[in-house]
Every structure is written in C-alpha cells, then in structure tokens.
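# A look at the structure
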Amino acid sequence: MTGTRVVALGHYQPTKVLTNDDLAAMVDTTDEWIRSRVGIRTRHVAGPDEPVDELAAHAAAKALASAGLAPADIDLVLVATSTAVDRSPNTAARVAARLGMGSPAVMDLNVVCAGFTHALATADHTLRAGAATRALVVGADKMADIVDWTDRSICVLVGDGAGAAVVETVPEGQEPGIGPVLWGSVPEMGHAVRIEGTPPRFAQEGQTVYRWATTQLPPIARKVCERAGVTPEELAAVVLHQANLRIIEPLAQKIGAVNAVVARDVVESGNTSAGSIPMALSKLVERGEIRSGDPVLLFGFGGNLSYAGQVIRCP
C-alpha cells in the first residue's frame, strides 16, 4: 500500500462576528469572565440563510484552488459534522453538488469535535486501499443552530466555521505525509458532551471534559507521535481541537512539544467542533507560521469522549 499526504488546505468563516461585549448585552456575562475561563474573545456566527454545507463548500473550494485542482479531480468527499439539519442528501453530497463534482463517493462522519481527524484517517485508509485516488476532507459545523443563546455557560463557547484538506496518494518511493492514526473513545462517559433533543441542543459537563482532556489525553497524544516516528520535541506545530484555551495550553505543555507553534484559533473563533482543527491548521499555513514538510500533530477530542490523532507533514 502506498502512503498519502495532505496537499492543500482551506478554511471559511461567516462574516458576522460576535464579540464578548455583544454576548454581555444578551446574557449575564462579561468580557473578562469569558476570557478568564475559556480564553475566547470573538466568534463568527452564520445566519439562517447559511447552512452548514455552504460553509463546508466555501472551505472546500479554497482548498481545491490552493491545490490547483478542479472539482472533477476528486472521487471521495468526506464531511465531518454533527450539525447537519437534514439526514439526506447528506452534507458531503450537498458540498459535491455545490462544487459541481462528477460522481464522487460522498459520506458524512459524526464524531463531533474529533470528526476531522477521524475523517482524515478514513481518507488515508481508503486511498491506501485503492478505493479512491484523491479525497476532499472537510470539517464543518454550525454551532449557532444547536446552542441555547440564553444559557451563558454554553453560548459563550461556540462559533461557526469550516476547514478542508485535499488528500492524495504519494508517488511510489516517497515517504507518507499522513502518519498512523490512534483513535478511541470512552463510551460510558458519552453523557459528558451531548447534542440531544428536538430541537437539538448542545450541552456538556465542563469540569468532566476538562479533567479528562488534561489528564488522560497527554499520554495518548505522545503515543501518536511515537507511532509516527517523531518525538514531541521535533513537532513544528500542535493543532488540538479548539475547545478552550485552558484545555489547549496545559495539554500542549504535557505532550512535551516544547519547540512547536501551538494553535490558539479558539481565541478568535470559539469552539467550532469538527471545523476547529482544519480551520486552525489552514490559518497557520496561510500565515506562514509553519513550513512545507514540517511535522504537525493533529489531535481531536470531545463528543462521545472520542479522540483521534495523527502526525502529518505540512503541505
């Protein structure tokens, strides 16, 4: 089996920005309260006429343009999302239709905040098996649709957005650009992060998630590096799920990535669930903070108390 690599990235956020002061006019909170607890200053929020597949399609189009590819060059579309309103057509099919693709395989994956890294691993495995030749992998969520905007403990956390990656096989004899995935979950603790009910609403047990993420995940993330043959000290960047700055910073420190750029996109984007990792990674690349070929740890975690991580080479 040949290996795969990420060849291009793209991201998209709605134009409307909601600041902490804006939220303070809606619920009993303050800018200082929000920043001190989760580190978030702003978030982007999509309007009622901007469905999640539109966010995904914008990010995907940007990734395709960066790769110099046409939509017809893609034969597999994977979209990680937990906020699709409709069950069918799925979000991947709607993205493919918006971009005018030919006849790709189209699948959605719902692993909530760990969705993108699960989808990236699925694309890697599918291409290695020869079932597709080039994949578009998107993480996209419209959290504004599933949050109670009167609940100050939840509404301050979230934002909307999407990120996308183009994945293809590497030429024979070249090193793979996507390392082995390490993934799993804690099913009996699935109650800690929930999107339930009609209409669906996002809820979580914040302290449970914080303790789990900061104590249980560092050794798992280090094992991801081990599987990739990279030490944490060699990492050029660490892109964790952008849940909360108070989770991201201790987790990055405990991994031991002392020389790495740590993505902190949560400050300006909030928690965008499956969109957070590809969006943060795309921004790091766009700003030139990491170079082509640099080793980058991607590590998603959250809903279902699921996790998935891999080391990739920066496109």
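The following refers to the structure shown. Everything numeric here is computed off the predicted structure, so don't read it as measured data.

A separate point is the overall build of the chain. Counting its regular elements, the chain contains 10 helices and 14 strands. Relative to the compact-globule value of 20 Å for 315 residues, the chain shows a C-alpha radius of gyration of 18 Å, a close match. Projected onto its principal axes, the C-alpha coordinates of the chain cover approximately 60 × 45 × 40 Å. For the chain, buried positions account for 57% of its 315 residues. Of all intrachain contacts in the chain linking residues separated by at least 6 positions in sequence, the fraction that spans at least 24 positions is 76%. Total accessible area computed for the chain in this model is approximately 12,500 Å², and 48% of it derives from carbon and sulfur atoms. Charged side chains in the chain number 27 positive and 34 negative. The centres of these two groups are separated by 4 Å.

On to the sheet that holds strand S14 (residues 306-313), then. Backbone hydrogen bonds are what pair the strands of a sheet, in a parallel or an antiparallel way. Pairing within the open sheet is mixed, and its five strands lie in the order S8-S14-S13-S11-S12. Both edges of this open sheet fall to strand S8 (182-185) and strand S12 (261-262), since each of them pairs with a single strand only. The sheet contact formed by strand S13 (residues 295-302) and S14 spans eight bridges and is antiparallel. In the sheet register, Phe301 faces S14, and the bridge partner there is Tyr307. Sheet strands touched by helix H7 (residues 206-228): S8, S13 and S14. Its angle to S13, the strand with the most contacts, is close to 145 degrees. Across the sheet, helix H8 (residues 245-255) touches strand S11 (237-240), S12 and S13, and the angle it forms with S11 is around 135 degrees.

Before going further, it helps to spend a moment on the nonpolar core. In terms of nonpolar packing, the biggest core is built from 51 residues, with Trp212, Leu217, Leu235, Leu240, Leu297, Phe299 and Phe301 touching the most fellow members. Of all elements in the fold, only helix H2 (31-38), helix H6 (152-155), H7, S11, H8, helix H9 (266-269), S13 and S14 reach the threshold of two or more residues within this core. Looking at which element gives the most residues to this core, the answer is H7, with eight residues. Aside from chain neighbours lying at most four places away, what touches Leu240 is Ile248, Leu251, Ala252, Ile255, Ile277, Phe299 and Phe301. Residues Leu9, Ile178, Ala274 and Leu284 belong to the second largest nonpolar core, which totals 31 residues.

Attention now goes to the side chain of His118. Considering the arrangement of structural elements, one finds His118 in helix H5 (residues 115-128). The contact partners of His118, leaving out residues within four places of it in the chain, are Leu109, Val111, Trp183, Ser306, Tyr307 and Ala308.

This part covers the layout of surface pockets. Quantified by volume, the largest pocket comes out at close to 560 Å³. Lining the largest pocket are 21 residues, and of these Ser82, Thr83, Ala84, Asn110 and Ile195 sit closest to its centre. Put simply, the parts of the chain that give the lining of the largest pocket at least two residues each are strand S5 (105-109) and strand S9 (193-196). By residue number, the principal contributor to the lining of the largest pocket is S9, which donates four residues.

Mapped onto the elements of the fold, Thr81 is located in the loop between strand S4 (76-80) and helix H4 (91-99). For Thr81, the side chain forms a polar contact with the main-chain nitrogen of Thr83, separated by 3.3 Å. Looking at Thr81, its side chain comes within polar contact range of the side chain of Asp141, at 2.9 Å. Apart from residues lying up to four places away in sequence, Thr81 is in contact with Val52, Thr91, Asp108, Leu109, Asn110, Ala140, Asp141 and Ala274.

What counts and how
- Residues numbered from 1 in each chain as written.
- Predicted model: local features only at pLDDT ≥ 70, side-chain atom pairs only at ≥ 80, totals over all residues.
- Heavy atoms only, no water.
- Helix = DSSP H or I, 4+ residues; strand = E, 2+ residues; numbered from the N terminus.
- Rg over C-alpha atoms; globule rule 2.2 N^0.38 Å.
- Buried < 20%, exposed > 50% of the residue type's maximum accessible area, 1.4 Å probe, protein only.
- Contact = heavy atoms within 4.5 Å.
- Areas by Shrake-Rupley, 256 points an atom, 1.4 Å probe, with all protein chains shown as cover.
- Lys, Arg positive; Asp, Glu negative; His and termini not counted.
- Charge placed at Lys NZ, Arg CZ, Asp CG, Glu CD.
- Pairing = 2+ DSSP bridges.
- Axes fitted to C-alpha atoms, helices over the stretch in contact; angles between N-to-C directions.
- Core = buried A, V, L, I, M, F, W, Y, C linked by side-chain atoms within 4.5 Å.
- 1 Å grid on protein atoms, 1.4 Å probe; cavity = no way out; pocket = protein on both sides within 12 Å on 5 of 7 lines; lining within 4 Å.
- Points joined across faces, edges and corners; volume = space filled by probe spheres on them.
- Polar contact = N/O pair within 3.5 Å; in protein donor to acceptor, adjacent residues only side chain to side chain.

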